[in-house]
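Listed below are the residues making up each chain.
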Amino acid sequence: MELGRRQFFKLCTVGVAGATAATLGFAPGVANATQPRQYKLLRARETRNNCTYCSVGCGVLMYSLGDGAKNAKPRIFHIEGDPDHPVSRGSLCPKGAGLVDFIHSEQRLQYPEYRAPGSDKWQRISWEEAIERIARLMKDDRDANFVEKNAAGLTVNRWLTTGMLCSSAASNETGALDWRFTRALGILGMDCQARLCHGPTVAALAPSFGRGAMTNNWVDIKNANVVLVMGGNPAEAHPVGFKWAIEAKIRNGAKLIVVDPRFNRSAAVADLYAPIRAGSDVTFLMGVVNYLIAHDRIQHEYVRAYTNASLLVRDDFSFDEGLFSGYDETKQQYDRSSWAYQLDENGHARRDPTLSHPRCVWNLLKQHVSRYTPEMVTRLCGTPKEDFLEICRLLGDTSAPDKTATFLYALGWTHHTSGVQIIRGAAMIQLLLGNIGMPGGGINALRGHSNIQGYTDLGLLSVRMPGYLNLPSERQPDLATYLAQSTPKALLPGQVNYWQNTEKFFVSLMKSVWGDKATKDNDWGFDWLPKWDVEYDVLRYLELMYEGKVNGYIAQGFNPIAAFPDKNKAVAALSRLKYLVVIDPLVTESSNFWQNHGEANDVNPAEIQTEVFRLPSSCFAEENGSIANSGRWLQWHWAGAAPPAEAWHDGKILGHLFLRLRELYEQEGGANPAPLLNMAWNYSDPEDPAPEEVAREANGYALADLYDPQGNLLAKKGELLRDFSLLRADGSTASFCWIFAGSWTEAGNQMARRDNASDGQGLGSTPGWAWCWPQNRRILYNRASVDPQGKPWDPKRKLIEWNGQRWSGIDVADFAATVAPGSEANPFIMLPEGLGRLFAAGALGDGPFPEHYEPIESPLEHNPLHPKVTFNPTTRLFDNDRKRMGSAAEFPYVATTYSITEMFRHWTKASRLNAIVQPEQFVEIGEQLAAQKGIRAGDTVKVTSMRGFIKAKAVVTKRIATLEIDGKLVDTVGIPCHWGFEGTTRKGFLANTLTPAVGDANSQTPEYKAFLVNIEKV
Amino acid sequence: MSMQSQDILKRSATSALTPPTQVRDHKAEVAKLIDVSICIGCKACQVACSEWNDLRDEVGQNVGVYDNPIDLSAKSWTVMRFDEVQQENGRLEWLIRKDGCMHCSDPGCLKACPSPGAIVQYANGIVDFQSEHCIGCGYCVAGCPFNVPRISQEDNKAYKCTLCSDRVAVGQEPACAKTCPTGAISFGSKADMQHLAGQRVEELHGRGYANAGLYDPQGVGGTHVMYVLHHADRPELYHNLPRDPRISSAIHGWKGWMKPVAAVAFFATLAGTLFHYVGVGPNQVDEHADDHEETKA
């Protein structure tokens, strides 16, 4: 068509008119089919699971491609919170909300790989090759170095030159297989993440109350009147659990107090924040005890009836100038015999109910804490005196029987050389206030990994066995000695003293471990267990490795060079191994420790002769199984997809390796094969044990018909046990983990229960959701929630009551069900005196009362309390590590490491969604220090300790204050610990490059929270 | 096949004389209430938002603050804003505000938008971008009193929070509200959210925040995303939250009173042309003259 100029103008005019009309809104209706984006989940398959990161154990709904049809391969494309879950109620924190990017991370491993000695690259291998080579290396090492008998000729069956790190994010069923696998081989250098996080919790809470676990549960926090957050930062580390602290504030009018070196995100919503110098918590807590006693803010009736305040202590116990009685300077240990009760002719503790006897615990405690005045607290902690006193007043208010405070803590208390004693201090305060056993009370140890509670329960620590039984040592040469030393005698008349049943638990464990091979005649296979000489905790094992005394190491779901203290030492240690096996869903720094990553990992691959295997494993979303949250709830979860490419389930990897090793021993013989050959591995597919089978085994079976003393049948042979009261010491029951008995009964999988109906009393208990050890008791020590006569301390918080025949109520009584109120039996049934311990007697290595000692790297020259004893006198420090400690002259600033909300350890850096919200490594410093050093926000800084350096961006903040400590100004450098030289985030440095290899004196959990650094602008 | 919601109350660049389909308007207005006093700034909402909406922004940098990504973008529809404020009593406060679209009752973006149907408001109050109609002119950015929409560098279209219109359409809460660990984000009918806000404000008064209050600015007709602020008298403390947001007068003029005037002028011109044609008739022009001129040229 041809257009003339005029025609063109005409057309233009019409066009402009049309456009104008349209612009004015007179458009034709073609574009009116407006709609929101299509809803993407309509027919997707929904699978229930639990978040794999922290111990809140939030419920998640996973949505996968396909509707379940055989021809559709499920791929998880969306995850959101499970609104039915009683704790999370649909919420997920930024880590949980980003789970889908962990499952599909660019760093997910797809197939087995091998790195040859001296090589600078990975090569792909088949599973057959991998299993064959690893089994060969393991067998050769075991045959060469197995210790069947020690120097004294005693059978010890231990293998010390290969160790294993077990993953606390794996399911209980994987954990049970880990235990069988390592112990069958005689491995003692075995630990899980519990060693690096809540080791001190178990060591402190067990001797205080009887069990080493969080006393209450997440939802119960809502019942508190005061929430003290100290040594933890739940808004960042446990955001969804922190929901219930907010709930306490809003619905219960609770006061939320945060005490921390850093004004953190918990402090952002607190009623009161008070700063404290990292490493001075014992002083603060003993100051609180002193205040409560001095101002008579005590729940007197509770203290008299339920604590050991009235028990008399031996006359030769003393404390003087920083040392308790019995110190041996050469051994750097105490002889603890004087730290004990005075006993009468029956072996029972002497008691003065009037609390007037000068040797009663009450008066010794009063004397011990009298030095911890508010002035001393301010001097050592840097906490303003008014803030400290206000906190004391608020806590003191909860000494009223109908008021409770709850303590929330985590690694800020455990990661110290005095970690256990800090937690003990908290336990003592809560006993004095009458807050243990109470709804809204308790010491809530907020555990770390999603199943670290389960891994602790299953005894995946160097010298532990499932159900908090100890692995026999070589000083317990036979079963009788072991049992005699492991079975406590009641220290007061009429006590439940539940550990008197140790033999039943142990024999049932042995029947599960060795099956039919365990008989009365062979002491239930006692000899086949490895016997330890010393504890092979992570720090000791690292030292042995560093000295070249370890040949092989298996890291399952564990990133040791990121997790162990002193990363440079850890890399040097791994470089001296012959072989390293890494089982992980992700690329980790540890599997690539031999690669050069510039300043972040400055090594020469050619010089590293370690053979490295990288085996791809499944993740939470791809398996069935149970994990135990911090509140001891065992929750069952289901797979929503298959593992990617050639990745295998952990159980399948262990099964293949175990069977191949067994085969090699059958074919070739070798160092004592008996434990390996006798280990029960009775699964329908032994190469790939089904989680359901392993879970039932953990619960346990009747191996014969079981009758009560009246001849009534309790359980038929072959039936699953309904609870641990059925366990026998005669070999007629088997249970792999006695505290899990009741988790999978003849009534089915109790861990999969999903009845979230509440208790009807508004206390938030959901006994029909999942299953909780022990015996589905949701609040531990709940007998102490009622007075000795059975009357609730607070009528509005009635957990249990006596119905004339037995205890009943909305919770299962943590007590002998048929022992009436008013009896002699005391509420702490796992302790031989039945009383909460203000005085820990000889249970701990560094004292029955907490005492403040300075961190090994301290800004102070001397401990102002006792200048001659500045450090914890029982701290174990290897010479190699002693040389790597710095002084305040060279490293003037206190440093502390921690987690931030957006990240979970060194894991979420592989998840793109999390990398987006916290892309790059940073450290935090106060404005004063920044001004002194000429550092501005966003500058790159270098932080150096005696052990190495990191570089990071500087966040300059008002939230970290300069504190005056003992007359000296002390600045703090805050170091989040989430980046490394692998990941989707920007490359960074492993923060533990800076931290010292020294542990808590009792549990050897490393000090990550108080050490010295210098900082410079780059 | 396209699905029609037929509940469009407002539609960009559309005259009231030819309104969008809207008969299905019997719907409660919804709202999101963000209680800044219990927000821990964890960024779960940021992650859940990106996850639900299949967005993956760039992995950025740390520039010396907690805020990351540092600003809203076409692929980050909500971000947390962190402010450290030393109060007069010496107490430090870390004020953390979730920033994103406020879903105004009188949306400046929609008013400014020249492209028909690129921005709509549903009967439940949600302001949604229909990006296939977006011409990337950026007027919505200028029109927004909260500085929220962002133009994508990849496709030159504007993007922002949809209040999870796809979830709300099927009866679910937005992803951010569901995931919020502390319950700082609530979702429900606007009336319920206002009531809840009242309770929260009362509780905050009891804790000594005498100036606590609800932020539901009337200058934009109220919003479907509201804040509970502990210092409602000083909204600027929260990363410069505007004290009294309004649609700029230029847009009010252009899209407000100017529009009928322009319409009248347009129709008058059209009518004039018509009368001229009928009354006077077309100009007689020798078509060939043109051709000659062309040839000469």
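Residues numbered from 1 in each chain as written. Chains lettered and ligands numbered in written order. Predicted model: local features only at pLDDT ≥ 70, side-chain atom pairs only at ≥ 80, totals over all residues. Heavy atoms only, no water.

Glancing now at the overall build of chain A. A tally of regular secondary structure across chain A gives 27 helices and 42 strands. On C-alpha atoms alone, chain A measures out to a radius of gyration of 30 Å, which is about the 31 Å that the 2.2 N^0.38 rule sets for 1018 residues. Dimensions of chain A along its principal axes, counting C-alpha atoms only, are 125 × 75 × 65 Å. Split by element, the accessible area of chain A, about 32000 Å² in all, is 49% carbon and sulfur. The averaged location of the 112 negative side-chain charges in chain A is 4 Å from the averaged location of its 107 positive side-chain charges. (Helix = DSSP H or I, 4+ residues; strand = E, 2+ residues; numbered from the N terminus. Rg over C-alpha atoms; globule rule 2.2 N^0.38 Å. Areas by Shrake-Rupley, 256 points an atom, 1.4 Å probe, with all protein chains shown as cover. Lys, Arg positive; Asp, Glu negative; His and termini not counted. Charge placed at Lys NZ, Arg CZ, Asp CG, Glu CD.)

Further remarks concern the pattern of salt bridges. Throughout the structure, instances matching the rule amount to 79 salt bridges over all chains. Two residues, E203 of chain B and R207 of chain B, come together in a salt bridge whose shortest N-O distance is 2.8 Å. You can call E203 of chain B buried: its relative accessible area is 18%. For R234 of chain B, the salt bridge goes to D233 of chain B, with nearest N and O atoms at 4.0 Å. A network of salt bridges, in which partner residues are shared, links E236, R262, R265, E902, E924 and R959 of chain A together with K43 and E84 of chain B. (Salt bridge = Lys/Arg side-chain N within 4 Å of Asp/Glu carboxyl O. Buried < 20%, exposed > 50% of the residue type's maximum accessible area, 1.4 Å probe, protein only.)

Okay, the interface of chain A and chain B next. Tallying the contact residues gives 82 residues for chain A and 79 residues for chain B. Summed over both sides, the interface of chain A with chain B buries roughly 6700 Å², with 56% coming from carbon and sulfur. Linking chain A with chain B are ten salt bridges. The partner of E84 of chain B in a salt bridge is R959 of chain A, and the shortest N-O contact between them spans 2.8 Å. Taken together, the connections running from chain A to chain B amount to 34 residue pairs in polar contact (both at pLDDT 80 or more). Residues of the side of chain A that touches chain B, tallied by class, amount to 42 nonpolar, 20 polar and 20 charged. (Contact = heavy atoms within 4.5 Å. Buried area = accessible area lost by both parts, 1.4 Å probe. Polar contact = N/O pair within 3.5 Å; in protein donor to acceptor, adjacent residues only side chain to side chain. Nonpolar A, V, L, I, M, F, W, Y, C, P; charged D, E, K, R; others polar.)

The next subject is the nonpolar core. Of all hydrophobic cores here, the largest spans 167 residues; its most connected members are M138, F181, M465, F506, W738, I975 and I1015 of chain A. Beyond its immediate stretch of four places on either side in the chain, F506 of chain A contacts M465, L469, L479, Y482, L483, F526 and L529 of chain A. If you look at the next biggest cluster of nonpolar residues, it comprises 122 residues, including A270 and W633 of chain A together with C45 and V47 of chain B. (Core = buried A, V, L, I, M, F, W, Y, C linked by side-chain atoms within 4.5 Å.)

Another aspect to go through is the UniProt feature "binding site: [4Fe-4S] cluster 3" (unreviewed entry) in chain B. All names here are of chain B. UniProt's feature table lists "binding site: [4Fe-4S] cluster 3" (unreviewed entry) at C101, C104, C109 and C144, given in the numbering used throughout. Of the residues just listed, which span 44 residues, no C-alpha pair is farther apart than 10.4 Å, and they cluster in one region. The topology assignment puts C104 in the loop between β4 (92-100) and α2 (108-112). Setting aside its immediate chain neighbours within four residues, C104 contacts Q121, V127, F146, V220, G222, T223 and H224. (UniProt positions renumbered as here; feature names shortened; annotations may be inferred.)

Further remarks concern the pairing of strand β22 (residues 579-584) of chain A. Residue and element names in this part refer to chain A. The element β22 is largely enclosed, with a buried count of six among its six residues. Strand direction decides the pairing type here: strand β21 (residues 552-556) and β22, joined by five bridges, are parallel. Following the sheet pairing, A555 is matched in β22 by V582. Taken together, the six bridges between β22 and strand β23 (residues 611-616) define a ladder with parallel strand orientation. Counted as the bridge partner of V581 is F613 from β23. (Pairing = 2+ DSSP bridges.)

Residues and elements named next belong to chain A. The strand order across the open sheet built from three strands is β24-β25-β32, with neighbouring strands paired in antiparallel fashion. Both edges of this open sheet fall to β24 (625-628) and β32 (771-772), since each of them pairs with a single strand only. As judged from the four bridges shared by β24 and strand β25 (residues 633-637), these two strands associate in the antiparallel manner. Its bridge partner lying in β25, G625 is registered against H637. Strands in contact with helix α5 (residues 172-185) are β24 and β25; relative to β24, the strand with the most contacts, it is inclined by about 90 degrees. (Axes fitted to C-alpha atoms, helices over the stretch in contact; angles between N-to-C directions.)

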